[in-house]
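Analysis of the macromolecular model
Okay, here's what each chain looks like letter by letter:
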Amino acid sequence: QVQVVESGGGLVQTGGSLRLSCAASGRTFSGYTMGWFRQAPGKEREFVSHIKWNGGSTYYADSVKGRFTVSRDNVENTVYLQMNSLKPEDTAVYYCAVARPFRSNYFVASAYDYWGQGTQVTVSS
């Protein structure tokens, strides 16, 4: 049984930083893709970033490019999202998700098979 658990959210001031962690367990994730999404109140869930479990190719939404960095630790089965220069519009519940290999598009939530419970990030102005 696959489990995905996020941690690291919190309250931070504009310009501050947070690092989110996502621990995945329950199987071998070779070839899988790990994604980060976020959902603000009244808005749809949106893509933030994803990283291939092997190889390390990374992708970012334009809104976070240059401020957020995704990385992985294959030994610990953990993916991180380092968020710098945070803005009030980054306020949302952040979700980690896991997708099986050979999906055509990893930028949409429907491509992902397993989801964490979410962690709240609040950026005060």
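Residues numbered from 1 in each chain as written. Predicted model: local features only at pLDDT ≥ 70, side-chain atom pairs only at ≥ 80, totals over all residues. Heavy atoms only, no water.

**Brief notes about the packing of aromatic side chains**
Under the convention used in this document: Whether two aromatic rings pair depends on their centres lying within 6.5 Å, for rings of Phe, Tyr and Trp, where Trp uses its six-membered ring; planes under 30 degrees apart make the pair stacked, over 60 edge-to-face, and the rest tilted. Helix and strand assignments follow DSSP, with helices taken as H or I runs no shorter than four residues and strands as E runs no shorter than two, numbered in order from the N terminus. Exposure categories follow from relative accessible area, calculated using a 1.4 Å probe and restricted to protein chains: below 20% of the type maximum is buried, above 50% is exposed, and the middle band is partly exposed.
By the definition in use, this model includes nine aromatic pairs. Where Phe47 meets Phe107, the ring centres are 4.9 Å apart and the plane angle is 70°; that geometry is what we call edge-to-face. Of this pair, Phe47 sits in strand β5 (residues 46-52) while Phe107 sits in the loop between β9 (92-99) and β10 (114-115), and the two are 60 residues apart along the sequence. With a centroid separation of 6.3 Å and an interplanar angle of 75°, the aromatic rings of Tyr95 and Trp115 are classed as edge-to-face. In this pair, Tyr95 sits in strand β9 while Trp115 sits in strand β10, placing the two residues 20 residues apart along the sequence. By relative accessible area, Tyr95 is classed as buried at 14%. By relative accessible area, Trp115 is classed as partly exposed at 27%. Taken together through their ring pairs, the aromatic side chains of Phe37, Phe47, Tyr59, Tyr95, Tyr106, Phe107, Tyr112 and Trp115 make up a single cluster.

**Some words on the sheet that holds strand β3 (residues 18-25)**
Heads up, the rule is: Between any two strands, at least two bridges found by DSSP are needed for them to pair. Axes, fitted as lines to C-alpha atoms, cover a helix only where it is in contact. Angles between the N-to-C directions of the axes lie from 0 to 180 degrees.
Strand order in the open sheet made by the four strands is β1-β3-β8-β7, with antiparallel pairing throughout. A strand with exactly one partner marks an edge of an open sheet, and here the two such strands are β1 (3-7) and β7 (68-73). Sheet twist, expressed as the mean angle between neighbouring strand axes with direction ignored, is 15°.

**Digging into the pattern of salt bridges**
Stated formally: Salt bridge criterion: a side-chain nitrogen from Lys or Arg within 4 Å of a carboxyl oxygen from Asp or Glu.
All told, the structure shown has six salt bridges when counted by the stated rule. The salt bridge involving Lys65 is made with Asp62; its shortest N-O contact spans 3.1 Å. The partner of Arg103 in a salt bridge is Asp113, and the shortest N-O contact between them spans 3.0 Å. Taken as a pair, Arg103 in the loop between β9 and β10 and Asp113 in the loop between β9 and β10 lie far apart in primary sequence, 10 residues in all. Owing to a relative accessible area of 29%, Arg103 belongs among the partly exposed residues under this scheme. Among the ionic contacts, a cluster of salt bridges with common partners joins Arg38, Glu46, Arg67 and Asp90.

**A word on the state of the cysteines**
Selection criterion: Cysteine sulfur atoms that pair up within 2.5 Å are treated as a disulfide.
If you walk through the whole model with that rule in mind, you get one disulfide. For Cys22, the disulfide goes to Cys96, at an S-S distance of 2.0 Å. Its S-S torsion of about -75° marks the bond between Cys22 and Cys96 as left-handed, since a negative value means left-handed. Of this pair, Cys22 sits in strand β3 while Cys96 sits in strand β9, and the two are 74 residues apart along the sequence. The pair Cys22 / Cys96 is uniform in exposure class, with both members buried.

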